[in-house]
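Structural overview for review
Residue strings, one per chain:
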Amino acid sequence: MFHSFFIYKIFITMSMMYKQQVLNLTEVMAGKLRIIEGAATGAMQLKHDEILQLIRDSQKVNERIAELIAIERE
């Protein structure tokens, strides 16, 4: 019984850590999307290669979120 309590506590702690990481990454993604939107509307002037880098960075963030979600499901 004592052993089960610690396993449950570790599970809850890990779950909270993954949730916080996902929340942080969604904030990063929102910031990148605001920049891309600003460039698309003309509010910001970005070079073509800067936009492509933002898209690549956004894809990496999205992949990391998917990895974290897959870990939590296992």
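Report follows, based on the coordinates.

What counts, and at which threshold
- Residues numbered from 1 in each chain as written.
- Predicted model: local features only at pLDDT ≥ 70, side-chain atom pairs only at ≥ 80, totals over all residues.
- Heavy atoms only, no water.
- Helix = DSSP H or I, 4+ residues; strand = E, 2+ residues; numbered from the N terminus.
- Buried < 20%, exposed > 50% of the residue type's maximum accessible area, 1.4 Å probe, protein only.
- Contact = heavy atoms within 4.5 Å.
- Areas by Shrake-Rupley, 256 points an atom, 1.4 Å probe, with all protein chains shown as cover.
- Core = buried A, V, L, I, M, F, W, Y, C linked by side-chain atoms within 4.5 Å.
- Patch = residues over 30% accessible without salt bridge, like charges linked within 9 Å, V, L, I, M, F, W, Y side chains within 5 Å.
- Salt bridge = Lys/Arg side-chain N within 4 Å of Asp/Glu carboxyl O.

**A short note on the overall build of the chain**
In terms of regular secondary structure, the chain is built from 2 helices and 0 strands. With 74 residues in all, the chain has 18% of them scored as buried. Across the chain, contacts joining residues at least 24 apart in sequence account for 64% of those joining residues at least 6 apart. When the accessible surface of the chain is totalled, it reaches about 6100 Å², and 63% of it is carbon and sulfur.

**Some thoughts on the nonpolar core**
The nonpolar side chains of a soluble globular protein tend to be buried, and buried together. Listed in full, the 7 residues of the largest apolar core are Tyr18, Val22, Leu25, Met29, Val61, Ile65 and Leu68. The set of elements that each furnish at least two residues to this core consists of α1 (2-41) and α2 (48-73). If you tally residues by element for this core, the top one is α1, at 4 residues. In contact with valine 61, other than residues within four places in its own chain, are Leu25, Val28, Met29 and Lys32.

**Details of a nonpolar patch on the surface**
A contiguous nonpolar surface patch, about 270 Å² in accessible area, is contributed by Ile10, Met14 and Met17. Looking at where methionine 14 falls in the secondary structure, it is placed in helix α1. A relative accessible area of 33% places methionine 14 in the partly exposed class.

**A short note on the pattern of salt bridges**
Enumeration over the complete set of coordinates arrives at 2 salt bridges. Lysine 32 serves as the salt-bridge partner of aspartate 57, at 3.9 Å between the closest nitrogen and oxygen. One end of the pair, aspartate 57, is in helix α2; the other, lysine 32, is in helix α1, with 25 residues separating them in the sequence.

**Focus on the side chain of serine 58**
Looking at where serine 58 falls in the secondary structure, it is placed in helix α2. Taking the relative accessible area as the measure of exposure, serine 58 reaches 9% and is therefore buried.

**Some words on the environment of glutamine 21**
With respect to the helices, strands and loops of the structure, glutamine 21 is situated in helix α1. Sequence separation between glutamine 21 and arginine 64 is 43 residues; the distance between their C-alpha atoms is 9.5 Å. Glutamine 21 has contacts with Arg64 and Leu68, leaving out every residue within four places of it along the chain.

**Here's the deal with the environment of asparagine 62**
For asparagine 62, the position within the fold is in helix α2. Spatially, the C-alpha atom of asparagine 62 lies 9.8 Å from that of valine 22, the residues being 40 residues apart in sequence.

Such coordinate-based values are descriptive only and should not be taken to indicate function.
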